[in-house]
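Results of the structural survey
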Amino acid sequence: MADFLSGVVNQAFPELEVRSHRNVKEFRAALENLLISENVCLELVLVDLGLPDGSGIEIIKEISEKQPQTKSIVISIYDDEAYLFDALAAGASGFILKSEEPAFMIDILKRINSNEPPLSPVVARRLLAYFQKQKIETPPETGLSARERETLTLLSRGMTVAEASQQMGLSSQTVAGYVKIVYQKLHVSNRVEAVREALRRNLI
């Protein structure tokens with residue numbers, strides 16, 4: 001599978017240098033080497049959730065913390081809500097099923113350049129169905145400011161803090177502050193819960 005995914009990325013982005021790692025340990029060592037020795041910024045990481053020595057969720061979390069500008073895309077056989085929301089909460093920017101045809105994978109990855117989140121149709125429908133159910137009840141307004149609401153909207157589109165700050169013309173530190181306030185006002189602890197609650201309250 002690693003060789004197959006490397007081939008998919010090569011066809012979608014022939015200008016990128018592609019490296020493959022088969023477990024969490026290998027990736028962590030490679031990431032530290034990139035950060036310390038090569039001073040390289042990752043652009044895109046495809047992450048399998050089921051790895052021999054741990055979960056791909058661990059990798060996504062580490063990437064979000066150490067290289068927040070990187071887009072982490074899940075490639076998985078799992079399509080249930082638990083895996084999906086855990087991955088998004090960790091910082092994943094997309095979720096593609098392994099059952100997709102190679103041509104579709106290549107096409108959907110290319111759309112990243114147009115800021116389209118790479119989602120398998122089954123996954124997208126599952127997300128829509130889930131959030132539509134959450135809109136049945138409309139709780140009271142939370143008192144979010146215009147900037148806080150804008151931050152929340154950009155996060156709901158799959159943007160990282162770095163991308164949102166660029167879109168808003170603010171520093172990453174300022175936007176990170178808005179994110180913290182949004183979490184406090186919505187009484188949530190991560191991105192997925194924030195988006196879920198915002199949709200339930202018709203805030204975005």
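Note that residues are indexed from 1 along each chain, following the sequence as it is written. Since the coordinates come from a predicted model, pLDDT governs what is reported: local features require at least 70, and pairs of side-chain atoms require 80 or more to be given and counted, while whole-chain, interface and lining totals use all residues. The side-chain values count all of the structure's non-hydrogen atoms but skip hydrogen atoms and water molecules.

Focus on the sheet that holds strand 1 (residues 44-47)
Taken in spatial order, the three strands make up an open sheet running 1-4-5, and their pairing is parallel. Each edge of the sheet is formed by a strand with only one pairing partner; in this case those strands are strand 1 and strand 5 (94-97). Between one strand and the next, the sheet's axes are offset by a mean angle of 25°, whatever the strand orientation. Against the sheet, helix 3 (residues 56-66) makes contact with strand 1 and strand 4 (71-76), and its axis sits at roughly 160° relative to strand 1, the strand it touches most. At least two DSSP bridges between two strands are required for those strands to pair. Per the convention used, a helix needs a DSSP run of H or I reaching at least four residues, while a strand needs a run of E reaching at least two, with both numbered from the N terminus. Axis definition: a line fit to C-alpha positions, over the contact stretch in the case of helices; interaxial angles, taken between N-to-C directions, run 0 to 180 degrees. In what follows, a contact means two residues having at least one pair of non-hydrogen atoms within 4.5 Å.

Things to note about the pattern of salt bridges
When a carboxyl oxygen of Asp or Glu is within 4 Å of a side-chain nitrogen of Lys or Arg, the pair counts as a salt bridge. Going through the model one piece at a time under the given rule, you end up with twelve salt bridges. Where R28 meets E62, a salt bridge forms, and the shortest distance between an N and an O atom there is 2.4 Å. Pair noted here: R28 is in helix 2 (residues 24-38) and E62 is in helix 3, with a separation of 34 residues, a long-range link. The cut-offs for exposure are 20% and 50% of the maximum accessible area for each residue type, with area from a 1.4 Å probe on protein chains only; residues under the lower value are buried, those over the upper are exposed, and the others partly exposed. Looking at E62, the relative accessible area reads 14%, which means it is buried.

Topic: the environment of S99
Note on placement: S99 falls in the loop between strand 5 and helix 5 (102-110). Judged by relative accessible area, which is 62%, S99 ranks as exposed.

Here's the deal with the packing of helix 8 (residues 161-168) against helix 9 (residues 172-186)
Axis angle and axis distance: for two packed helices, these are the angle between their axes and the distance between the axes, and together they describe the pair. Interhelical geometry of helix 8 versus helix 9 gives an angle of 110° and a closest axis separation of 8 Å. Relative to helix 9, the element helix 8 is oriented roughly perpendicular. Mapping the contact onto sequence places V161, A162, A164, S165 and M168 in helix 8 and S172, V175, A176, Y178 and V179 in helix 9. We call Asp, Glu, Lys and Arg charged. Ala, Val, Leu, Ile, Met, Phe, Trp, Tyr, Cys and Pro are nonpolar, and the rest, Gly among them, are polar. A breakdown of the residues in the contact of helix 8 with helix 9 according to their chemical character gives eight nonpolar, two polar and no charged. Here the word oblique covers every angle except those under 35 degrees (roughly parallel), over 145 (roughly antiparallel) and from 65 to 115 (roughly perpendicular).

Focus on the side chain of S76
In this structure, S76 sits in strand 4. Ignoring any residue separated from it by four or fewer positions in sequence, one finds S76 in contact with L49, F95, I96, L97 and K98.

Some thoughts on helix 7 (residues 146-156)
Buried within helix 7 we find E148, T151, L152, T153, L154 and L155. Next to the buried residues of helix 7 lie helix 8, helix 9 and helix 10 (191-200). Backbone geometry just after helix 7 places G158 at a positive phi near 90°.

A look at unusual backbone geometry
Look at N115: it is not a glycine, yet its phi comes out positive at around 60°. Judged by relative accessible area, N115 falls into the exposed class, the value being 59%. Located in the positive-phi region is H187, a residue other than glycine, with phi close to 60°. When you line up the elements, H187 lands in the loop between helix 9 and helix 10.

Notes on the pairing of strand 5
Both faces of strand 5 are covered, namely the face carrying G94 and I96 and the face carrying F95 and L97. Pairing of strand 4 with strand 5 involves four bridges; the strand directions are parallel. Directly across from I75, in strand 5, lies its bridge partner I96. Assessed by its sense of winding, the connection that carries the chain from strand 4 through helix 4 (residues 81-90) to strand 5 is right-handed. For crossovers, right-handed means that the path from the first strand over the helix to the second runs clockwise, given strands pointing away from the viewer.

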